[in-house]
Amino acid sequence: GGWTALKRQRLAAHALRRIAVVLPGILADLVAIDILAPPDIEDQLGVTGGDLQGGVRTPDQMLGWRPGPRLGIAGVYLAGPGSAAGPLGACAAGVAAAVALLADAP
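Rules used in this analysis
- Residues numbered from 1 in each chain as written.
- Predicted model: local features only at pLDDT ≥ 70, side-chain atom pairs only at ≥ 80, totals over all residues.
- Heavy atoms only, no water.
- Helix = DSSP H or I, 4+ residues; strand = E, 2+ residues; numbered from the N terminus.
- Buried < 20%, exposed > 50% of the residue type's maximum accessible area, 1.4 Å probe, protein only.
- Contact = heavy atoms within 4.5 Å.
- Areas by Shrake-Rupley, 256 points an atom, 1.4 Å probe, with all protein chains shown as cover.
- Expected span 1.5 Å × (residues − 1).
- Arc of directions from axis to C-beta.
- Patch = residues over 30% accessible without salt bridge, like charges linked within 9 Å, V, L, I, M, F, W, Y side chains within 5 Å.
- Salt bridge = Lys/Arg side-chain N within 4 Å of Asp/Glu carboxyl O.
- Polar contact = N/O pair within 3.5 Å; in protein donor to acceptor, adjacent residues only side chain to side chain.

A. Looking closely at the overall build of the protein chain. For the protein chain, the helix and strand inventory stands at three helices and zero strands. The N-to-C order of helical and strand elements in the protein chain reads α-α-α. When burial is assessed residue by residue, the protein chain has 19% of its 106 residues classed as buried. Summarising the internal contacts of the protein chain: among those between residues at least 6 apart in sequence, 28% fall at separations of at least 24. Split by element, the accessible area of the protein chain, about 7,600 Å² in all, is 65% carbon and sulfur.

B. Summary view of helix α1 (residues 5-22). Spanning 18 residues, α1 covers 26 Å between terminal C-alpha atoms, matching the ideal 26 Å at 1.5 Å per step. The complete set of buried residues in α1 reads R8, A12 and L16. Buried residues of α1, viewed axially, fall in a sector of 65 degrees; they line one side. In α1, the exposed positions that point more than 90 degrees away from the buried face belong to R10, R17, R18 and V21.

C. Representation of a nonpolar patch on the surface. Residues I19, V21, V22, L23, I26, L27, L30 and I33 make up a contiguous nonpolar surface patch of about 700 Å² in total accessible area. Here V21 lies in helix α1.

D. Region of interest: helix α3 (residues 92-104). Taking 1.5 Å per residue as the helical rise, α3 with its 13 residues ought to reach 18 Å, and the 18 Å between its terminal C-alpha atoms agrees with that figure. Those residues of α3 that fall on the buried side of the exposure criterion are A93, A97 and A100. The arc enclosing the buried residues of α3, seen along the axis, measures out at 65 degrees, which places them on a common side. Exposed and oriented more than 90 degrees from the buried face of α3 are V95, V99, L102 and A103.

E. Examining the pattern of salt bridges more closely. Overall, the coordinates contain two salt bridges when judged by the stated rule. A salt bridge links R8 to D40; the shortest N-O distance between them is 2.5 Å. Residue R8 is found in helix α1, and its partner D40 is found in helix α2 (residues 38-45); the two are separated by 32 residues along the sequence. Linking D104 and R70 is a salt bridge whose minimum nitrogen-to-oxygen distance equals 2.9 Å.

F. Representation of the side chain of S83 within the structure. Structurally, S83 can be placed in the loop between α2 and α3. Of the polar contacts made by the side chain of S83, one reaches the backbone oxygen of G80; its length is 2.9 Å. Among all residues touching S83, those that are not within four sequence positions of it are R66, P67, L78 and A93.

G. Main features of the side chain of D40. For D40, a relative accessible area of 15% gives the class buried. In terms of polar contacts, D40 uses its side chain to reach the side chain of R8, at 2.5 Å. At a separation of 2.8 Å, a polar atom in the side chain of D40 contacts the main-chain amide nitrogen of A37.

Everything listed here is a matter of geometry and, on its own, says nothing about what the molecule does.
This is how it looks when you write it as structure tokens:
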């Protein structure tokens, strides 16, 4: 079925239980919860099927056609799957962003 409010609450509760095990006490600092389900991603980002990969992996959407880790705003780096390194492998975009950040550090 669809992403009802009850399903969203259950997902949030499940995730928070798991987080509390790894980071005890962190939930005391929690101010709000917002569950983004595939239909929300489609509505807000305009991607089909809730695609978090930043688009399909066709030649016209690979490597140089995707943004690099530097976004042109000082101190802001892209480390997600929508970046040029994102589709290449696990953590590749994060590594690229970390390398760029270290290279830019004074």
